[in-house]
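Take a look at the letters that make up each chain.
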Amino acid sequence: MGLGKFVEVGRVVKINYGPQEGKLATIIEILNDKRVLIDGPTTGVQRQVIPIRRLTLTKFNLKGATRGARTGVITKAIKKNDPFTQYQNTIAAKKVAKKALRAKLTDFDRFRVMILRKRRSALLSTQLKALRKNNAGGKSTAQAKGGNKKK
């Protein structure tokens, strides 16, 4: 299996460093092996040159984006294909949203989460013990403990 995500014109990227961290944009032009021109008219990212190391490539590619396309063309292509809402449904985007939600928790909220996790763990352990007790009834005690092993 080969690589699936390449730096190419029309590739949707996420900025992972700087003042616009977390925003999505589209590659418009590849300047050299280290820098690209990006534009994100619907996400608030101005057209700018940015190092590739500050970008995370997504699996989405914007159809209709040509090399050096103007902002209006990119906006129309985004409205037609809508790759940004597709990105919001990916596992990576959901993890980022979950992390942001957890970062906003107060001390009391973290305490409530801890209590709920303890309750869930206790409930699971009691149900697991009940299942083990029901399933171990048909076996001999040596088999249930793993005692019939060859030495």
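All chains use their own residue numbering, which begins from 1 and follows the written sequence. With the structure being a predicted model, the display of local features is reserved for residues of pLDDT at least 70 and the display and counting of side-chain atom pairs for 80 or more, all residues being used for whole-chain, interface and lining totals. As a convention, hydrogens and water are excluded, and side-chain values are obtained from all of the structure's heavy atoms.

Per an unreviewed UniProt entry, the protein chain is named 60S ribosomal protein L14, and its organism is Paramecium pentaurelia.

Draft legend 1. Just the overall build of the protein chain, in detail. Each helix and strand in the protein chain was counted, giving five helices and five strands. Helix and strand definitions follow DSSP, with helices as H or I runs of at least four residues and strands as E runs of at least two, each counted in order from the N terminus. Counting from the amino terminus, helix and strand elements in the protein chain follow one another as β-β-β-β-β-α-α-α-α-α. Note on classification: 1.4 Å probe, protein chains only; a residue is buried when its accessible area is under 20% of the maximum for its type, exposed when over 50%, partly exposed between these limits. Out of the 151 residues belonging to the protein chain, those deemed buried represent 23%. For the protein chain, contacts bridging at least 24 residues in sequence account for 45% of all contacts bridging at least 6. Using a 1.4 Å probe, the Shrake-Rupley method yields the accessible areas, and only the shown protein chains count as cover for residues. Accessible surface for the protein chain amounts to roughly 11600 Å². Of this, 55% is attributable to carbon and sulfur atoms. Contacts are assigned to residue pairs with any non-hydrogen atoms lying within 4.5 Å of each other.

Draft legend 2. Summary view of the nonpolar core. Only buried residues count toward a nonpolar core, which is a set of Ala, Val, Leu, Ile, Met, Phe, Trp, Tyr and Cys residues joined through side-chain atoms within 4.5 Å. Ranked by size, the top nonpolar core spans 14 residues in total, and within it Leu 62, Ile 74, Ile 78, Phe 84 and Tyr 87 carry the most contacts. Counting only elements with at least two residues in this core, the list comes to strand E2 (24-30), helix H1 (71-81) and helix H2 (83-88). The element best represented in this core is H1, accounting for three residues. Sequence-distant contacts of Ile 74, that is, excluding residues within four places in its chain, are made with Ile 28, Pro 41, Leu 62, Ala 65 and Ala 69. Core analysis: the second largest hydrophobic core is formed by nine residues, Val 13, Ile 15, Ala 25 and Ile 27 among them.

Draft legend 3. Quick look at the pattern of salt bridges. Note on definitions: salt bridges are taken to be side-chain nitrogens of Lys or Arg within 4 Å of carboxyl oxygens of Asp or Glu. Following the criterion strictly, the structure yields five salt bridges and no others. Between Asp 107 and Arg 110 there is a salt bridge; the shortest N-O distance is 3.9 Å. Of this pair, Asp 107 and Arg 110 both sit in helix H4 (residues 107-136), three residues apart, which is roughly one turn of the helix. Residue class for Arg 110 comes out partly exposed when judged on its relative accessible area of 44%.

Draft legend 4. Region of the structure containing the UniProt feature "domain: KOW" (unreviewed entry) in the protein chain. UniProt positions are given in the numbering used here, feature names are shortened, and annotations may be inferred rather than shown by experiment. UniProt records the feature "domain: KOW" (unreviewed entry) at residues 9-39, using the numbering of this structure. End C-alpha to end C-alpha, residues 9-39 measures 11 Å, and it is 0% helix and 55% strand.

Draft legend 5. Inspection of the pairing of strand E3 (residues 35-40) at higher detail. Of all six residues in E3, five are buried; the element is thus mostly enclosed. Pairing between strands requires that DSSP locate at least two bridges from one strand to the other. With four bridges connecting them, E2 and E3 associate as antiparallel partners. Each bridged residue has a counterpart across the sheet, and for Glu 29 the counterpart in E3 is Leu 37. What sits between E2 and E3 in their antiparallel hairpin is a turn of four residues. In this structure, E3 lies alongside strand E4 (residues 45-51), joined through five bridges in antiparallel fashion. Paired with Gly 40 across the two strands is Val 45, which belongs to E4. Here E3 folds back onto E4, and the loop between the two strands holds four residues, one of which, Gly 44, carries a positive phi near 90 degrees.

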